[in-house]
Amino acid sequence: MDEPTAYTPPRVWSWNRPSGGRFANINRPIAGPTHEKELPVGRHPLQLYSLATPNGVKVTVMLEELLALGHAGAEYDAWLIRIQEGDQFGSGFVAINPNSKIPALMDRSGPEPVRVFESGAILLYLAEKFGAFLPAGRARAECLSWLFWQMGSAPFLGGGFGHFYAYAPTKIEYAIDRYAMESKRQLDVLDRRLAEVRYLAGDEYTIADIAAWPWYGALAKGQLYDAGEFLSVHEYRHVIRWADEIARRPAAQRGRMVNRTWGQPSSQLPERHGAGDFAALTRDKPQE
């Protein structure tokens, strides 16, 4: 293998050329909106603006789980944010999430709308609002510990391993090795925990599982970055058992479909405005 050309960083970095890779057209070193665009508002108390990436799936699974428990106040409109087209830089979206990342939630159930951004914050907000999927006592401490473990760990999986393995314009051996090692270490952390307990916080399914499943469940099943063989994910049998158990939950199956625009047409529900949309408006159905 040829040695890569040595790179010496300048004393002061400047943004003077495209970075390359799959997301180069939306990467920039500044925040704020790039264009004026108001967001649509539907009829339900909760308005979600998202895409069915792992971070987006966390919230739609949570909402579907709350509805399955009978929490009518968790009804929601899910609007599609096309991140590769820069929808997240519209003025309306930036007003909800100044970080311009999906998902973003507006709770319009009270006298004043409440904005919530960052997927972990949204899960915690909804769990406290509805009193569900957040246990008490020692289990609460476990739940929150694993929730924040996921929030801190997944960037190394997605922005680290996923970027350099699947999306970077060139394959860099050092970067791929570095983040493959970290991704396998994280899987081992989960596998050791799930060898001891049914769910991450113990016997009870919680927001910690809802947060981790779209990332690590998909990874362990070979559904993320086409990297299952490369990472030998079959070794993590306890993670696979946990992932399969959650995947059998009807609410998880529905949540994974919302704001999805790829894969089997029957699995795609680009927008969701009511429970009946799962039967009527997936991409395999005739569109008006």
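Summary of the structure given here. (Residues numbered from 1 in each chain as written. Predicted model: local features only at pLDDT ≥ 70, side-chain atom pairs only at ≥ 80, totals over all residues. Heavy atoms only, no water.)

### Observations concerning the pairing of strand S2 (residues 76–80)
- With five of five residues buried, S2 lies mostly within the body of the structure.
- Along S2, one buried face is formed by Tyr76, Ala78 and Leu80 and the opposite face, lined by Asp77 and Trp79, is buried too.
- Taken together, strand S1 (residues 46–50), helix H1 (residues 54–68) and S2 form a β-α-β motif whose crossover is right-handed. (Buried < 20%, exposed > 50% of the residue type's maximum accessible area, 1.4 Å probe, protein only. Helix = DSSP H or I, 4+ residues; strand = E, 2+ residues; numbered from the N terminus. Right-handed = clockwise from strand over helix to strand, strands pointing away.)

### Looking at the nonpolar core
- The biggest cluster of nonpolar side chains holds 65 residues, and the ones touching the most others in it are Met62, Leu126, Ile207, Tyr216 and Trp242.
- In terms of residues, this core owes the most to one element, helix H6 (residues 207–220), which gives eleven residues.
- Residues in contact with Ile207, not counting those within four places in the same chain, are Met62, Leu123, Leu124, Ala127, Phe133, Leu134, Cys143 and Leu147.
- Among the nonpolar cores identified, the runner-up in size contains twelve residues, and Tyr49, Leu51, Ile83 and Ile102 belong to it. (Core = buried A, V, L, I, M, F, W, Y, C linked by side-chain atoms within 4.5 Å. Contact = heavy atoms within 4.5 Å.)

### Looking at the pattern of salt bridges
- Counted according to the given criterion, the structure contains 16 salt bridges.
- Lys129 is paired through a salt bridge with Asp107; the nearest N and O atoms lie 3.0 Å apart. A residue pair is termed long-range when its members are at least 10 positions apart, and Lys129 in helix H3 (residues 119–130) and Asp107 in strand S3 (residues 104–107) qualify at 22 residues.
- On the basis of relative accessibility, which here comes to 35%, the residue Lys129 falls in the partly exposed class.
- When the shortest N-O distance is used, the salt bridge between Arg198 and Glu245 registers 2.4 Å. Taken together, the residues span a long stretch of sequence, with Arg198 in the loop between helix H5 (173–194) and H6 and Glu245 in helix H7 (residues 237–247) at a distance of 47 residues.
- A relative accessible area of 44% places Arg198 in the partly exposed class.
- Taking the relative accessible area as the measure of exposure, Glu245 reaches 14% and is therefore buried. (Salt bridge = Lys/Arg side-chain N within 4 Å of Asp/Glu carboxyl O.)

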